[in-house]
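# Structural characterization, general
What follows is each chain in one-letter form.
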Amino acid sequence: MASTDYKFEGWMGLEPKAAEGNMVWQEFEPKPWEETDIDIKITHCGICGSDMHTLRSGWGPTNYPCCVGHEIVGVAVRVGSKVEGGIKVGDRVGVGAQSESCMGRNGDCEACASGLEQYCPKSMVGTYNGVYANGGKSYGGYATYNRVPSRFAVKIPDAIPSAVAAPMLCGGITTYSPLKHFGCGPGKRVGIIGVGGLGHFGIMFAKALGADKVVAISRKGNKREDALKLGADAYIATDEDSEWAQKNSRSLDLIISTVSSSKMPITDYVQLLDRDGAFVQLGVPEDGSLSIPAPALIFKRVKFSGSLVGSPSEIREMLQLAAEKNVRTWVEERPMKDANTAIVDMDAGKARFRYVLCNEQ
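The structure reproduced in this document is the subject of the present report. (Residues numbered from 1 in each chain as written. Predicted model: local features only at pLDDT ≥ 70, side-chain atom pairs only at ≥ 80, totals over all residues. Heavy atoms only, no water.)

## Details of the pairing of strand β10 (residues 189-193)
- Across the five residues that make up β10, a large majority, four, are buried.
- Relative to strand β11 (residues 213-218), β10 runs parallel, the two being bridged by five bridges. Among the inter-strand pairings, Ile-193 is bridged to a residue of β11, identified as Ile-217.
- Across four bridges, β10 lies against strand β13 (residues 252-257) in parallel orientation. Bridged to Ile-192 within β13 is Ile-256. (Buried < 20%, exposed > 50% of the residue type's maximum accessible area, 1.4 Å probe, protein only. Helix = DSSP H or I, 4+ residues; strand = E, 2+ residues; numbered from the N terminus. Pairing = 2+ DSSP bridges.)

## Section: the environment of Tyr-355
- Mapped onto the elements of the fold, Tyr-355 is located in strand β17 (residues 354-358).
- Judged by relative accessible area, which is 2%, Tyr-355 ranks as buried.

## Topic: the side chain of Asp-253
- Here Asp-253 is to be found in strand β13.
- Owing to a relative accessible area of 19%, Asp-253 belongs among the buried residues under this scheme.
- Contact partners of Asp-253, with chain neighbours within four places excluded, come to Gly-187, Lys-188, Arg-189, Leu-273, Asp-274, Gly-277 and Ala-278. (Contact = heavy atoms within 4.5 Å.)

## Things to note about a nonpolar patch on the surface
- A cluster of nonpolar residues, Leu-116, Tyr-119, Met-124 and Leu-308, forms a patch on the protein surface that exposes about 310 Å² of accessible area.
- Residue classification places Leu-308 among the partly exposed residues on the basis of a relative accessible area of 37%. (Patch = residues over 30% accessible without salt bridge, like charges linked within 9 Å, V, L, I, M, F, W, Y side chains within 5 Å. Areas by Shrake-Rupley, 256 points an atom, 1.4 Å probe, with all protein chains shown as cover. Salt bridge = Lys/Arg side-chain N within 4 Å of Asp/Glu carboxyl O.)

## Side note on the packing of aromatic side chains
- The tally for this structure, following the rule as stated, stands at twelve aromatic pairs.
- Relative to Phe-28, the ring of Phe-8 lies with its centre 5.9 Å away and its plane at 70°, an arrangement referred to as edge-to-face. Here Phe-8 is found in the segment before β1 (9-12), whereas its partner Phe-28 is found in the loop between β2 (24-27) and β3 (37-46), with 20 residues between them in sequence.
- Relative to Tyr-269, the ring of Trp-244 lies with its centre 5.6 Å away and its plane at 50°, an arrangement referred to as tilted. With Trp-244 in helix α7 (residues 244-247) and Tyr-269 in helix α8 (residues 266-271), this pair connects stretches of sequence that are 25 residues apart.
- Against the face of Tyr-132 rests Lys-31, its NZ or CZ located 5.1 Å from the ring centre.
- The ring of Tyr-355 carries Arg-334 above its face, with NZ or CZ at 4.7 Å from the centroid. (Phe/Tyr/Trp six-rings, centres within 6.5 Å; stacked < 30°, edge-to-face > 60°. Lys NZ or Arg CZ within 6 Å of the ring centre and 35° of its normal.)

Geometric values such as these leave the question of function open.
So, in structure tokens, the structure goes:
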């Protein structure tokens, strides 16, 4: 590999206690360079719930040392001779939760050929805690630099500031992709369960896509004002009205659930759907599986589904819509040096609604 005059350094989780604010700053070896790669000097990286799950090995054993962060924005400082997407040195680019698939490697699968790389059955490599086809480990964005295959880097539209764009690359696209796929638009009534990092995007993108009615659903009433400011037309606080499910029965066509608990009242949520409605689960519970009584689906021909991040082409489409409709992440910037404090605050639910780590330039 050609030598570079910069170092890849970042906040490393070395064991599950890292999630409690015990990450360690150290140097790491990025994936071996290929001419399809780019190196990004990171300016901003959003903090995502997935980072916490991974740091504490909540979704299975993490391959430590692990540098998390998959909402990366920065400047391309090195560009291979075979890069895709017309990326040049100096371009402002972003990387989301996925950084490699089988595309272009060993005969494209149907998912990759269809522009749905996130569902690649052969090789869905995460931007961190993954292993590339060339054997290199993937390290994320709580760092100074990131090396990534250019197919999974997207240019950031000039209209969107970097700190605003970063959380869209995972949090934003994770809600945009199912909203688009399940037909959110004029005539649709959409419910968003959970008013947090993902949920606040769900509300804004449902409105940006033209939904007739957007309902925010949370346990407590303390996020009502924020939800209405984000564009929700109504708000349901499930802990504060024992008859919420009956009162709002058959009032929605599509529900996007951003919460990660197996204990949610899923049958009550499905009661809110009209005939042929769809319930789409985004959060992955660490505490068990989701169960739903068959009649809840059968008697209204309800679809029970899930959705995983988004492909590079979907991310570009979402960023274009965000630029046009002035969708703006609610973001609080934190210095990269304070990452350990920021992840503890994030885990405690203090973010309104997304923290973004910023490298001092």
